[in-house]
Amino acid sequence: MNTRTRLLLLGLLAAPAYAHHSFAPHFDIDKPVEISGKVTEYEARNPHSYLHIAAVDENGKTQEYVCESHGVTVLARLGLTSDLLRPGTQVRVDGSLSRHSQYMCFFNNVYFADGRAFNVNGPRAQPAQASAPRTDIFGTWMLAPAAPDPRRTNTSRPQPMMESLTPAGAAAVAAYDPFKDDPTFRCDPVAVRRVWGAPTTPLSIAREGNKVVLRHEWMDVVRTVPLDEREHPANGPRTSLGHSIGHFEGATLVIETANYSAGVLNQYVEEPGKPTRGLLHSDKLTSVERLSFDAARQRLVVEVALKDPEFFTRDFDVSRSEYAPSDLTIEPFNCSPEGVTGTISR
């Protein structure tokens, strides 16, 4: 194959791996792309990595193409390392074309001249199973994959709470630009529910005396939950992850969180016939998380209930997610802010 870049209607590709922002607002699954050329730079970063390729376009001119994928930690676990993507390396990638530039894409596969190929959505992206059965909520876990749906992203599911906004909530949504204000561009972990939803990075839960410590590889989040406190500090600091206190109900850990700063629950909300928006919350948000263990299925089960009477006319439906045991080691995330390099700014 020559180095000419081919924008091909190849039919439906394998479901894209969803990056840490929503896939659909940035990339078009109905416009598959294939690019062949030489690597000029590999930005091995979190939360997203960027592969720069010098390739000849359909007019015979050499162009620089920039293709995004998972963060460096995830790609390295799959074997796709910086050593393989040195400048001058001949590669071919396929994926989905950017909605913002004909010279950008999200790549699903990387092919090398010696025949090696890496699929960022392949079997190795599944949770690494733990060697011994679990007996409780403690240990390292990975989000268990839901049933695959190649036509839908995490945020394009129905968002009924958009219909339950108060005037204050509607004003906050109107003021939010998802393509500039996404907290992940600033390396902010966004919100507790978003932290639980990180699809490709592990988390751990440990009991340390009178506290439970949750460590998420995503954005290097560490949450310390005291078990001997009953109230949140009245004048305590407000952050995107708030202040948590916890207690056990039998074997179920209950985490109550308040003292949130005003922020974002869903970075991107996609509704038919409407522009992409976001789902915002006020500093009156509170949450209750219930962490239990299903021994028969070897799953950590997490339920999250949210309330925000300032921005919403009703409480949120309880969300539920499940996690599989894993032997993965939690690696430093070392997020890099995405101002100049990020998808939107190019």
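Owing to the predicted nature of the structure, the values given are computational and were not obtained by experimental measurement. Positions within a chain are numbered from 1, following the residues in the order the chain's sequence is written. Confidence filtering applies because this is a predicted model: local features only for residues at pLDDT of at least 70, side-chain atom pairs given and counted only at 80 or more, and all residues used for totals across whole chains, interfaces and linings. For the side-chain quantities, the full set of heavy atoms in the structure was used; hydrogens and water were omitted.

Draft legend 1. Up close: the overall build of the chain. To qualify as a helix, a DSSP run of H or I must reach at least 4 residues; to qualify as a strand, a run of E must reach at least 2; elements of each kind are numbered from the N terminus. If you tally the helices and strands in the chain, you get 4 helices and 17 strands. Looking at the 346 residues of the chain, the share that counts as buried comes to 50%. Contact definition: two residues touch when any of their heavy atoms are within 4.5 Å. In the chain, the proportion of contacts linking residues at least 24 apart, taken out of those at least 6 apart, comes to 63%. Computed with a 1.4 Å probe, the accessible areas rest on the Shrake-Rupley method; for each residue, only the protein chains presented here act as cover. Entry remark: accessible area of the chain is about 15,400 Å², with carbon and sulfur atoms responsible for 52%. For the exposure calls, accessible area comes from a 1.4 Å probe over protein chains only, and a residue counts as buried if that area is under 20% of its type's maximum, exposed if over 50%, partly exposed in between.

Draft legend 2. Examining the side chain of Glu322 more closely. Within the secondary structure, Glu322 is located in strand E17 (residues 319-325). Exposure remark for Glu322: the relative accessible area of 18% places this residue in the buried category. Polar contact is the term for a pair of N or O atoms within 3.5 Å; when the atoms are in protein, one must be able to donate a hydrogen and the other to accept it, and sequence-neighboring residues count only if both atoms are side-chain atoms. A polar contact of 2.5 Å, which involves the side chain of Glu322, links it to the side chain of Arg297. Not counting the four nearest positions on each side in its chain, Glu322 is found in contact with Met142, Leu143, Ala144, Arg297, Arg299, Leu300 and Val301.

Draft legend 3. Examining the pairing of E17 more closely. DSSP-based pairing: two strands are paired if at least 2 bridges between them are found. The pairing of strand E7 (residues 139-143) with E17 spans 3 bridges and is classified as antiparallel. Within the sheet, the bridge partner assigned to Met142 lies in E17 and is Ala324. Relative to E17, strand E16 (residues 299-307) is paired through 5 bridges, and the arrangement is antiparallel. Following the sheet pairing, Glu303 is matched in E17 by Arg320.

Draft legend 4. Fine view of the pattern of salt bridges. When a carboxyl oxygen of Asp or Glu is within 4 Å of a side-chain nitrogen of Lys or Arg, the pair counts as a salt bridge. Tallied over the entire structure, the rule returns 18 salt bridges. For Arg223, the salt bridge goes to Glu289, with nearest N and O atoms at 2.8 Å. Separated by 66 residues along the polypeptide, Arg223 in strand E10 (residues 221-226) and Glu289 in strand E15 (residues 286-294) bring together distant segments of the chain. We note that Arg223, like Glu289, is buried.

Draft legend 5. Highlighting helix H2 (residues 167-175). Those residues of H2 that fall on the buried side of the exposure criterion are Gly169, Ala172 and Val173. Buried residues of H2, seen end-on, are gathered within an arc of 100 degrees and therefore sit on one face of the element. Away from its buried face, by an angle of more than 90 degrees, H2 presents the exposed residues Pro167, Ala174 and Ala175. Each element contacted by the buried residues of H2 is listed here: strand E14 (277-281). Throughout, the arc means the angular range of directions from the helix axis out to the C-beta atoms.

Draft legend 6. Inspection of the sheet that holds E16 at higher detail. If you trace the 9 strands from one edge of the open sheet to the other, you get E10-E9-E8-E7-E17-E16-E15-E12-E11, paired in antiparallel fashion. Across the chains shown, the open sheet's two edge strands, defined by having one partner strand only, are E10 and strand E11 (243-249). Taken pair by pair, the neighbouring strands of this sheet meet at an average axis angle of 25 degrees, ignoring direction. Inspection of the sheet shows E7 paired to strand E8 (residues 203-208) by 3 bridges, in the antiparallel sense. Opposite Thr140, over in E8, you have Ser204 as the bridge partner. Axis lines are fitted through C-alpha atoms, for helices just across the contact stretch, and the angle between N-to-C directions can take any value from 0 to 180 degrees.

Draft legend 7. Structural detail: the state of the cysteines. Cysteine sulfur pairs qualify as disulfides if the two atoms are within 2.5 Å. Here the structure, examined in full by the defined rule, presents 2 disulfides. Between Cys67 and Cys105 runs a disulfide, and the two sulfur atoms are separated by 1.9 Å. Residues Cys67 and Cys105 are joined through a disulfide that is right-handed, its torsion about the S-S bond being 115 degrees. On the criterion of sequence distance, the pair formed by Cys67 in strand E3 (residues 62-69) and Cys105 in strand E5 (residues 104-112) is long-range, its members being 38 residues apart. In this model Cys187 forms its disulfide with Cys335; the gap between the sulfur atoms is 2.1 Å. Torsion about the S-S bond of the Cys187 and Cys335 cystine: about -80 degrees, corresponding to left-handed handedness. Taken as a pair, Cys187 in the loop between helix H3 (178-181) and helix H4 (192-196) and Cys335 in the segment after E17 lie far apart in primary sequence, 148 residues in all. Take Cys187 and Cys335: they sit in the same class, and that class is buried.

Draft legend 8. Looking closely at unusual backbone geometry. In this structure, Pro47 follows Asn46 across a cis peptide bond, with omega equal to 10 degrees. Structurally, Pro47 is set in the loop between strand E1 (27-43) and strand E2 (49-56). Even without being glycine, Gln298 reaches a positive phi, approximately 55 degrees. On the secondary structure map, Gln298 appears in the loop between E15 and E16. With a relative accessible area of 19%, Gln298 lands in the buried category.

Honestly, it's all geometry; don't read function into it.
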